[in-house]
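This is what each chain is made of:
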Amino acid sequence: MRLCFASSNSGKIEEVNSFFANSKLTSSVDVYGVDSWDTYLSSQFDPQETGSTFQENAAIKAKEAYRLIKAPVFAEDTGLCVGFLNGAPGVYSARYEKNDQARMRKLLLELKSAKENQRTASFVTALCLMLSSQDSITFFGRVKGHIALSQRGEKGFGYDPLFIPDGFEQSFAELTTDEKQSISHRGQALGRMANFLQRNTLKKLTAKMS
Ligand code: IMP
């Protein structure tokens, strides 16, 4: 089955590709990105993240992609929720500031008066899979951790240099893609989708054979 990942975020695309390269679904699911669409269609893909939850925003992106390509697709919405900031930036994580560096600077500034035990945070992902115009299903992932006092590491993307997952000394940006994926919000949501696809692919094969 060909399955489109509707995102233009290169960090997410790299993680999704690496997930499927290591997955037992490799031979049955061929994942491709918006960059493989024709130029006209990809220029039309501009979903407006107007939802108030990660689930709503993931569905907006998946529906918009499905409307354009009329083929199986998945999209995800992710955000960083910080306890001291009552869950902010949350669904506004991408709009918190104009670029990654400015977003991280702002976050550190907003946590200036937070005590060490008040820097708890989690990354949340909602991933919406649409196999037809009628069928959508959402998978979630969440990883808990805390916000570092300063940026650490060069790997990953987005807020990774500031996020230290529980049980680790390193930030996400100091872990390899595989290490991050094995515990991350996105890795969990992708794992749940992969299990669903495998169960359904197997069901279809069994139905065909009987
Ligand atoms: P969106 O899901 O594309 O709206 O991304 C929300 C914001 O969170 C953007 O600033 C992303 O760069 C950031 N982000 C999304 N996923 C991750 C991640 O896995 N690590 C760090 N930052 C992320």
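It should be noted that the structure appears before, not after, this text.
This is a predicted model, so every value here is computed, not measured. (Residues numbered from 1 in each chain as written. Predicted model: local features only at pLDDT ≥ 70, side-chain atom pairs only at ≥ 80, totals over all residues. Heavy atoms only, no water.)

Colleague: Which residues make up the pairing of strand E2 (residues 30-33), and what values go with them?
Modeller: By the bridge criterion, four bridges tie strand E1 (residues 2-5) to E2 in an arrangement that is parallel. Directly across from Cys4, in E2, lies its bridge partner Tyr32. Crossover connection from E1 via helix H1 (residues 10-21) to parallel E2: handedness right-handed. (Pairing = 2+ DSSP bridges. Helix = DSSP H or I, 4+ residues; strand = E, 2+ residues; numbered from the N terminus. Right-handed = clockwise from strand over helix to strand, strands pointing away.)

Colleague: Got a sec to walk through the site of the ligand? Specific residues and values, please.
Modeller: Near the ligand you find 17 residues, and of these Lys12, Asp160, Lys180, His185 and Arg186 are the closest. A distance of 2.6 Å separates an oxygen atom of the ligand from a polar atom in the side chain of Lys12. Arg103 is positioned such that a nitrogen or oxygen atom in its side chain is 3.4 Å from an oxygen atom of the ligand. Isolated, the ligand exposes 480 Å² of accessible area, and the fraction of that covered by the protein chains is 94%. For the shell around the ligand, the secondary-structure elements that each account for two or more residues are strand E3 (73-82) and helix H6 (185-209). (Near = heavy atom within 4 Å. Polar contact = N/O pair within 3.5 Å; in protein donor to acceptor, adjacent residues only side chain to side chain. Areas by Shrake-Rupley, 256 points an atom, 1.4 Å probe, with all protein chains shown as cover.)

Colleague: I'd love a proper account of the packing of aromatic side chains, names of residues and values included.
Modeller: Think of a pair of aromatic rings as described by two things: how far the centres are apart, and how the planes are tilted against each other in angle. All chains considered together, the criterion is met by eight aromatic pairs. Taking 6.3 Å as the distance between ring centres and 45° as the angle between the ring planes, the aromatic pair formed by Phe20 and Phe74 counts as tilted. Separated by 54 residues along the polypeptide, Phe20 in helix H1 and Phe74 in strand E3 bring together distant segments of the chain. Of the residues examined, Phe20 reaches a relative accessible area of 6% and is grouped as buried. For Phe74, a relative accessible area of 0% translates into the label buried. Three or more aromatic residues joined by ring pairs make a cluster, and in this case those are Phe5, Phe19, Phe20 and Phe74. Over the face of the ring belonging to Tyr32 we find Arg2, whose NZ or CZ atom lies 4.0 Å from the ring centre. (Phe/Tyr/Trp six-rings, centres within 6.5 Å; stacked < 30°, edge-to-face > 60°. Buried < 20%, exposed > 50% of the residue type's maximum accessible area, 1.4 Å probe, protein only. Lys NZ or Arg CZ within 6 Å of the ring centre and 35° of its normal.)

Colleague: Outline the pattern of salt bridges, listing residues and values.
Modeller: All told, the structure shown has eleven salt bridges when counted by the stated rule. In this structure, Lys12 and Glu76 form a salt bridge, with 2.6 Å as the shortest nitrogen-oxygen distance. Of this pair, Lys12 sits in helix H1 while Glu76 sits in strand E3, placing them 64 residues apart in sequence. Residue Lys12 is classed as buried on the basis of its relative accessible area of 10%. Between Asp77 and Lys61 there is a salt bridge, and its shortest N-O distance comes to 2.9 Å. With Asp77 in strand E3 and Lys61 in helix H3 (residues 54-69), this pair connects stretches of sequence that are 16 residues apart. (Salt bridge = Lys/Arg side-chain N within 4 Å of Asp/Glu carboxyl O.)

Colleague: Pulling in residues and values, what's your account of unusual backbone geometry?
Modeller: Going from Ala88 to Pro89, the amide bond is cis rather than trans, its omega being -5°. Relative to the helices and strands, Pro89 is located in the loop between E3 and helix H4 (100-110). For Asn86, which is not a glycine, the phi torsion comes out positive at approximately 55°. Take Asn86: it is sitting in the loop between E3 and H4.

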